[in-house]
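These are the residues of each chain, in order.
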4 protein chains.
Amino acid sequence: MFELDTRSRKPIYEQLVEKLKQLIINNVLKEDEKLPSVRELAQQLTINPNTIQKAYRELESLGYIYSLKGKGSFVHPIEKSDNVEELNKVREELKRLFAEAIYLGMTEKEIESLLHEVKGGQKND
Amino acid sequence: MFELDTRSRKPIYEQLVEKLKQLIINNVLKEDEKLPSVRELAQQLTINPNTIQKAYRELESLGYIYSLKGKGSFVHPIEKSDNVEELNKVREELKRLFAEAIYLGMTEKEIESLLHEVKGGQKND
Amino acid sequence: MFELDTRSRKPIYEQLVEKLKQLIINNVLKEDEKLPSVRELAQQLTINPNTIQKAYRELESLGYIYSLKGKGSFVHPIEKSDNVEELNKVREELKRLFAEAIYLGMTEKEIESLLHEVKGGQKND
Amino acid sequence: MFELDTRSRKPIYEQLVEKLKQLIINNVLKEDEKLPSVRELAQQLTINPNTIQKAYRELESLGYIYSLKGKGSFVHPIEKSDNVEELNKVREELKRLFAEAIYLGMTEKEIESLLHEVKGGQKND
DNA sequence: GTGGTCTAGACCACA
DNA sequence: GTGGTCTAGACCACT
């Protein structure tokens, strides 16, 4: 399910956060769907449960999931999160990337077509 | 010349790389222009020369500058670099960010207007 | 009657306590009015009766309701309760919150207008 | 320096977060002042360093402190944080508390005088 | 010496 | 069974 690079300088839990974010964003994990339990995922990835916890915690504070004692962790429906801070981060990063892309020779058209491509592929059901 | 945030959790050398990249991208540092020497910049920013060195090395491997032994570091003319690797990285990152932005509620229009804004501000010689 | 957020990390019984407190505070549940029976409410909210029980016990110890064996639970008339303990708690919490609000940049005016807003909305019979 | 209740249902790290928040809000710990190191505080409180870490992490993500590898943790200057999420939380809690205070018999005047008292005592140097 | 990550293993609260 | 907390102890990266 995941490919984690235990040798990377990037902490495992951050890699996990990224991967899970992608799954949520791309609607592979749907609203209110249950994520694998901490222990389950830990065993599956042969990683310490605490590390999974840390990732889940981070995802919760970022507004991507919610966790219930005794029940599990679930994908947070977007409408309710309305995450201003995350949005600002994304805006800044977009500006930085646009400048870089243009510098490297990409045209506005190319960038826009990339956007449409992504937009089309996004599963919105 | 620079504003380095010694408070940021980001390593200083990474901040330097980013700042210098920005200067090159925005054409403040022009093609083949000489960058400040390591020692000079180190003194100016009251930072360890090793840190500057590390940043320059990083920029070189990214294709933004080239170094000549005993002469210094210079801005890499973009036509000559034609950095396919970097371009692919940027494309992938753009796709990732677009998906995230859309997920967080940004519309295509918003994203495009952000692009035009950046494009407009870019200094193209 | 209630909207309980089963997704919230807050225990359900605590949510119940809060909601019932609100109803009492806003005079929706009047002095000496009978609260729904534990079983009744449990069925209505499809929640374990023990959870309701726990909430009622909490409300009783906070001085908001009183229970009569075999008869049910009732709203405690406020004049009779004269809950000094609760008042002191609230005063302390207000002081803490005021300091925090000011620290985060709220002005006295903002805070006061928030107070008037709440005061206006309060149903005082 | 701190009084921690290891028996409380409230996690130690949360108690720590609260205490440190208070110290920062009340300007006992000033802008950019260094907090005790993780290990130092751990030893002082006879608590595991990981628990302190967790508290510091939380404080960082709340915008109250910033941490630098190899240097330490420091109080985040307020102007830069501009913490929207925290502010919204505080506003909601204020509304809740105001309603409760009024119900328990406090007058607007009392509440306002409490506010002025706090405002006056806040150290703004 | 500092913060940060990770593991192993125990225990608690909630359902 | 679930998430959550805590400890003990090891190791890493950055100053």
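If you look chain A up in an unreviewed UniProt entry, it shows as GntR family transcriptional regulator from Halobacillus campisalis.

Draft legend 1. Focus on the interface of chain A and chain B. Taken together, the contact between chain A and chain B spans 38 residues of the former and 36 residues of the latter. Summing both sides of the interface, chain A and chain B together bury roughly 4,100 Å²; the carbon and sulfur share of this comes to 72%. Among the residues chain A hides against chain B, the three largest losses belong to Y103, L104 and L115 of chain A. Together they make up 17% of the total. The partner of E110 of chain A in a salt bridge is R91 of chain B, with the nearest N and O atoms 3.3 Å apart. Listing elements by their share of the side of chain A that touches chain B, those giving two or more residues are α1 (12-25), α5 (84-103) and α6 (108-121) of chain A. For the side of chain A that touches chain B, the element with the most residues is α5 of chain A, which contributes 15 residues.

Draft legend 2. View of the relation of the copies chain D and chain A. Of the transformation superimposing chain D on chain A, the axial component is 0.0 Å and the angular component is 180°, with the fit at an RMSD of 0.1 Å. What the rotation and shift describe, once combined, is the action of a two-fold rotation axis. Interface overlap between copies: 100% of the residues of chain D at the interface are likewise at the interface in chain A, consistent with a symmetric, same-surface contact.

Draft legend 3. Summary view of the protein's contact with DNA strand E. Around DNA strand E, the structure places 25 residues, and the nearest of them are I12, N50 and T51 of chain A together with R39 and Q53 of chain D. Each atom of DNA strand E within 4 Å of the protein was assigned to sugar, phosphate or base; sugar and phosphate come to 59%. Within the side chain of K54 of chain A, an N or O atom sits 3.1 Å from a phosphate oxygen of DNA strand E. One of the side-chain N or O atoms of R57 of chain D is found 3.4 Å from a phosphate oxygen in DNA strand E. Broken down by secondary-structure element, the contributors of at least two residues to the surface near DNA strand E are α1 and α3 (49-61) of chain A together with α2 (38-45), α3 (49-61), β1 (65-68) and β2 (72-75) of chain D. The element contributing the most residues to the surface near DNA strand E is α3 of chain D, with four residues. Broken down by class, the residue content of the surface near DNA strand E amounts to six nonpolar, 11 polar and eight charged.

Draft legend 4. View of the packing of aromatic side chains. Tallied over the full model, the rule gives 10 aromatic pairs over all chains. Taking the centre distance of 5.4 Å and the plane angle of 25° together, the rings of Y66 of chain A and F74 of chain A count as stacked. This pair shows no difference in class: Y66 of chain A is buried, exactly as F74 of chain A is. If you follow K54 of chain C out to its NZ or CZ, it ends over the ring of Y13 of chain C, 4.4 Å from the centre.

Analysis parameters
Residues numbered from 1 in each chain as written. Chains lettered and ligands numbered in written order. Predicted model: local features only at pLDDT ≥ 70, side-chain atom pairs only at ≥ 80, totals over all residues. Heavy atoms only, no water. Contact = heavy atoms within 4.5 Å. Buried area = accessible area lost by both parts, 1.4 Å probe. Salt bridge = Lys/Arg side-chain N within 4 Å of Asp/Glu carboxyl O. Helix = DSSP H or I, 4+ residues; strand = E, 2+ residues; numbered from the N terminus. Least-squares fit on C-alpha atoms with pLDDT ≥ 70 in both. Near = heavy atom within 4 Å. Polar contact = N/O pair within 3.5 Å; in protein donor to acceptor, adjacent residues only side chain to side chain. Nonpolar A, V, L, I, M, F, W, Y, C, P; charged D, E, K, R; others polar. Phe/Tyr/Trp six-rings, centres within 6.5 Å; stacked < 30°, edge-to-face > 60°. Buried < 20%, exposed > 50% of the residue type's maximum accessible area, 1.4 Å probe, protein only. Lys NZ or Arg CZ within 6 Å of the ring centre and 35° of its normal.

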